[in-house]
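Here is how the chains run, residue by residue.
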Amino acid sequence: MNTKRPLDVLNRAKGKRVYVVLKNGREVVGELQALDIHINLWLENAEINHEDKTVKVGSILIRGDSIVYVSTTP
Amino acid sequence: MNTKRPLDVLNRAKGKRVYVVLKNGREVVGELQALDIHINLWLENAEINHEDKTVKVGSILIRGDSIVYVSTTP
Amino acid sequence: MNTKRPLDVLNRAKGKRVYVVLKNGREVVGELQALDIHINLWLENAEINHEDKTVKVGSILIRGDSIVYVSTTP
Amino acid sequence: MNTKRPLDVLNRAKGKRVYVVLKNGREVVGELQALDIHINLWLENAEINHEDKTVKVGSILIRGDSIVYVSTTP
Amino acid sequence: MNTKRPLDVLNRAKGKRVYVVLKNGREVVGELQALDIHINLWLENAEINHEDKTVKVGSILIRGDSIVYVSTTP
Amino acid sequence: MNTKRPLDVLNRAKGKRVYVVLKNGREVVGELQALDIHINLWLENAEINHEDKTVKVGSILIRGDSIVYVSTTP
Amino acid sequence: MNTKRPLDVLNRAKGKRVYVVLKNGREVVGELQALDIHINLWLENAEINHEDKTVKVGSILIRGDSIVYVSTTP
C-alpha cells in the first residue's frame with residue numbers, strides 16, 4: 001500500500017469521464033486523455049457548468065494550478 | 001523526536017477517514033489512499049460539505065495547494 | 001495511450017484558432033503560434049471578449065499563470 | 001548570533017503548544033510535533049478558533065503556505 | 001514551425017511600443033527595451049492608464065508575475 | 001556599492017526592533033533574531049497591531065510570503 | 001541591444017530615488033540601495049503613500065513578490 005501515489009487515481013481514469021472543480025467556481029466534465037505532475041489535464045468532449053448553464057467546449061487543456069479537485073467517480 | 005516529519009501524521013492515517021479544509025471554504029471527508037510531498041491527496045468514498053449540504057464525490061484527487069489543513073482525528 | 005501528454009492537445013492546435021479563458025474572467029480568441037511548458041501562449045489576430053465587448057489586440061503573449069483553460073475546438 | 005535561523009524558534013517549541021494564524025483568518029492552537037522547511041506543521045490536540053467558536057480537531061497537518069505567523073509564547 | 005517559442009513575439013518587438021495588461025486591472029504602454037524568462041519587462045517612455053486617466057511614468061521595470069498579457073500590435 | 005544585497009538591511013538590524021507590514025493588513029513590531037532568503041523572520045517580544053488594537057504575541061516566526069515590507073527604522 | 005536585461009533599468013538607478021507600486025495599492029518612494037533577482041529592494045529614506053497620506057518609514061526591505069512595477073524616472 002505504501003507505493004500508491006495520489007496521481008494513480010487519475011492515471012487509472014484515463015479514457016473515462018472525470019469531474020473537475022476549478023478555483024474560479026466553475027465545473028468541467030470531460031473524458032481524461034492525459035495528465036502530468038502539475039495536474040495539467042487534457043480532456044475531450046468537455047462541458048463547463050456555471051450557474052446552471054452548460055457550455056460544450058470540446059477539447060481542452062486545463063492548467064493544473066486552476067484545479068481544486070478532480071473526481072473520477074461517474 | 002527530532003526525526004519526526006509533518007507528513008508522518010498523514011502517512012499513519014492511510015486507510016482511515018480524514019477531514020480536509022480547502023482554501024475555498026469547502027470541507028472534504030474521505031478515506032486517505034495516498035499522498036505526496038505537495039500534499040496532493042487521493043481519497044476514496046469522499047464527501048464534500050458546503051453550506052450544510054453534503055455531496056458524495058467518490059474517488060477524488062485534491063490538489064495540495066488547495067488545502068489549508070488536514071485533520072486525522074475521527 | 002500512456003505516452004500522451006496534456007500539452008499535446010495544444011501542440012496539435014498550432015496554426016489554428018484557440019479559445020483561452022483567463023483568471024480575470026476575460027476570454028481571448030486567437031491563432032496559436034507557440035507555447036511552452038508554463039503554458040505561455042503566443043497568439044496572432046487575437047481578440048479579447050469582456051462583458052459583451054470585443055477588442056482586437058493583434059499579436060499577444062499571454063502569461064501562462066493567467067490561464068484557467070484553453071479550448072482547441074473551433 | 002549569525003548562525004541563528006528563523007525556524008529555530010519553532011524547533012525549540014517542539015512538544016509545546018503553539019498559536020498559528022492562518023491566511024483565511026482562522027487561528028489554530030496545538031502541541032507542535034514536527035515541522036519542515038515549508039513550515040508545514042503537525043500539531044496534536046489542536047483547536048480551531050473562528051468567530052468566537054472553538055472546534056477541537058485533534059491531530060492535524062497544516063499546509064505551510066496557509067500560515068501567516070506562528071507564536072510560540074504560551 | 002516547431003521551433004517557435006512564445007517569447008519570440010516579445011523579442012521581435014524590442015524597440016517598439018507594447019501594450020501591457022496588469023493583474024490589478026491597469027494598463028501600461030511603453031517602448032520595450034528588454035525582457036527575461038519571467039516576463040519581467042523594461043519599458044521606456046511608459047504611461048499607465050487607469051480609469052480614463054493617463055500618468056507618465058518614464059522608465060519602468062514591470063514584475064512578470066503582475067502581467068496578464070502583452071500585445072505587440074501598435 | 002555593487003556588492004550590497006537587499007537582505008543586508010535586515011542583517012544589520014539583528015537584535016533591534018523592526019516594523020513588519022503583512023499582506024493581510026496587520027502590522028508586527030518585534031526584535032529581529034534571525035532571517036533567511038525567503039524572508040522568514042524570527043522576532044522576539046513581538047506585538048501585532050490591527051485596527052487600533054495591540055496584542056502581545058511574544059516569540060514568533062513570520063512566514064516570508066506573508067510580508068509586504070520590513071522597516072528597520074526605529 | 002540583445003544583451004540588455006530588464007533588471008538593468010534598476011541597476012543603473014542605484015543611489016537614486018525610485019517609485020514603487022505595490023500589489024496592495026500602496027506606493028513607496030525611496031533611494032535604491034540594492035536589489036536581487038527576486039526584485040527584493042532595499043530603499044533608504046523611504047516614504048509610503050496611501051490614500052493621500054504620506055508616512056516616513058526610513059530604511060526598508062520590500063519583498064519582490066509584493067511589487068507590480070518600479071519607475072526610475074524622477
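This text follows the structure it describes.
Just so you know, these numbers come straight off a predicted model, no measurement behind them. Each chain has its residues counted from 1, running along the sequence as written. Labels are handed out in written order, letters beginning with A for the chains and numbers beginning with 1 for the ligands. Local features in a predicted model are, by the rule used here, given only for residues with pLDDT of at least 70; side-chain atom pairs are given and counted only at 80 or more, and totals for whole chains, interfaces and linings are based on all residues. Working from all heavy atoms in the structure, the side-chain values ignore hydrogens and water.

**Student:** Is there a simple way to think about the relation of the copies chain D and chain F in this case?
**Tutor:** The relation between the two copies of this chain is a rotation about an axis and a shift parallel to it. The atoms used to superpose the copies are C-alpha atoms, taken from residues with pLDDT of at least 70 in both, and the fit is least squares. Least-squares fitting of chain D to chain F yields an RMSD of 0.0 Å, with the superposition described by an axial translation of 0.0 Å and a rotation of 51°. Of the residues that chain D buries at the interface, just 5% are likewise interface residues in chain F, meaning the two copies contact each other through different surfaces. Only heavy atoms matter for contacts: two residues are in contact if any of them lie within 4.5 Å across the pair.

**Student:** Mind showing me how you'd approach the interface of chain E and chain G here?
**Tutor:** The extent of an interface is frequently quoted as the accessible surface area lost upon association of the parts. Tallying the contact residues gives 23 residues for chain E and 22 residues for chain G. Note on chain E versus chain G: buried area summed over both sides is about 1,900 Å², and carbon and sulfur give 58% of it. Accessible-area loss on putting two parts together, using a 1.4 Å probe and summing over both, is the definition of buried area adopted here. Together, Trp42(E), Leu61(E) and Arg63(E) form the three largest contributors to the area buried by chain E at its contact with chain G, with a combined 37%. When a carboxyl oxygen of Asp or Glu is within 4 Å of a side-chain nitrogen of Lys or Arg, the pair counts as a salt bridge. The interface formed by chain E and chain G contains 2 salt bridges. The partner of Arg12(G) in a salt bridge is Glu44(E), with the nearest N and O atoms 2.9 Å apart. What qualifies as a polar contact is a pair of N or O atoms within 3.5 Å, subject to a donor-acceptor requirement within protein and to the restriction that residues adjacent in sequence count only when both atoms come from side chains. Applying the counting criterion to the chain E and chain G interface returns 11 residue pairs in polar contact (both at pLDDT 80 or more). Elements with a contribution of two residues or more to the side of chain E that touches chain G: strand S2 (27-35), strand S3 (41-50) and strand S4 (53-62) of chain E. In terms of residue count, S4(E) provides more of the side of chain E that touches chain G than any other element does, 6 residues in total. Classifying every residue of the side of chain E that touches chain G gives 11 nonpolar, 7 polar and 5 charged. In this description a helix means any DSSP run of H or I spanning at least four residues, a strand means any run of E spanning at least two, and both kinds are numbered starting from the N terminus. Here the term charged refers only to Asp, Glu, Lys and Arg, the term nonpolar to Ala, Val, Leu, Ile, Met, Phe, Trp, Tyr, Cys and Pro, and the term polar to all other amino acids, Gly among them.

**Student:** What should I look at first to understand the interface of chain D and chain F in this one?
**Tutor:** Taken residue by residue, the interface counts 22 residues in chain D and 23 residues in chain F. At the junction of chain D with chain F, the criterion picks out 12 residue pairs in polar contact (both at pLDDT 80 or more). For the side of chain D that touches chain F, the secondary structure elements donating two or more residues are helix H1 (8-11) and strand S5 (67-71) of chain D. Per-element tally for the side of chain D that touches chain F: the top contributor is S5(D), with 5 residues. Tallied by class, residues from the side of chain D that touches chain F come to 10 nonpolar, 6 polar and 6 charged.

**Student:** Explain unusual backbone geometry here, please?
**Tutor:** Most peptide bonds take the trans form, and the phi angle of most residues other than glycine is negative. All names here are of chain B. In this structure, Asp 52 is a non-glycine residue whose phi angle is positive, near 70°. By the secondary structure assignment, Asp 52 is in the loop between strand S3 (41-50) and strand S4 (53-62). Classification of residues uses two cut-offs on accessible area relative to the type maximum, computed with a 1.4 Å probe and protein chains only: under 20% is buried, over 50% is exposed, and between them is partly exposed. For Asp 52, a relative accessible area of 86% corresponds to the exposed category.

**Student:** It is not clear to me how the relation of the copies chain E and chain G should be interpreted in this structure. Could you clarify?
**Tutor:** Placing chain E over chain G gives an RMSD of 0.0 Å and needs a rotation angle of 51°, together with 0.0 Å of translation along the axis. Little of the interface of chain E is mirrored in chain G, where only 4% of its interface residues are also at the interface.

**Student:** Whenever I open this one, the pattern of salt bridges confuses me. Can you help?
**Tutor:** One pass over the full model with this rule turns up 35 salt bridges over all chains. Its salt-bridge partner being Arg63(A), residue Asp65(A) comes within 3.0 Å of it at the nearest N-O pair. For Arg63(A), a relative accessible area of 14% puts it in the buried group. Via salt bridges that share partners, Lys23(A), Arg63(B) and Asp65(B) belong to a single interconnected network.

**Student:** Explain the arrangement of the chains to me, please; I cannot follow it from the model alone.
**Tutor:** Left apart from each other, chain A and chain D have a closest C-alpha approach of 14 Å. Of all C-alpha pairs spanning chain D and chain E, none lies closer than 18 Å, and the two are not in contact.

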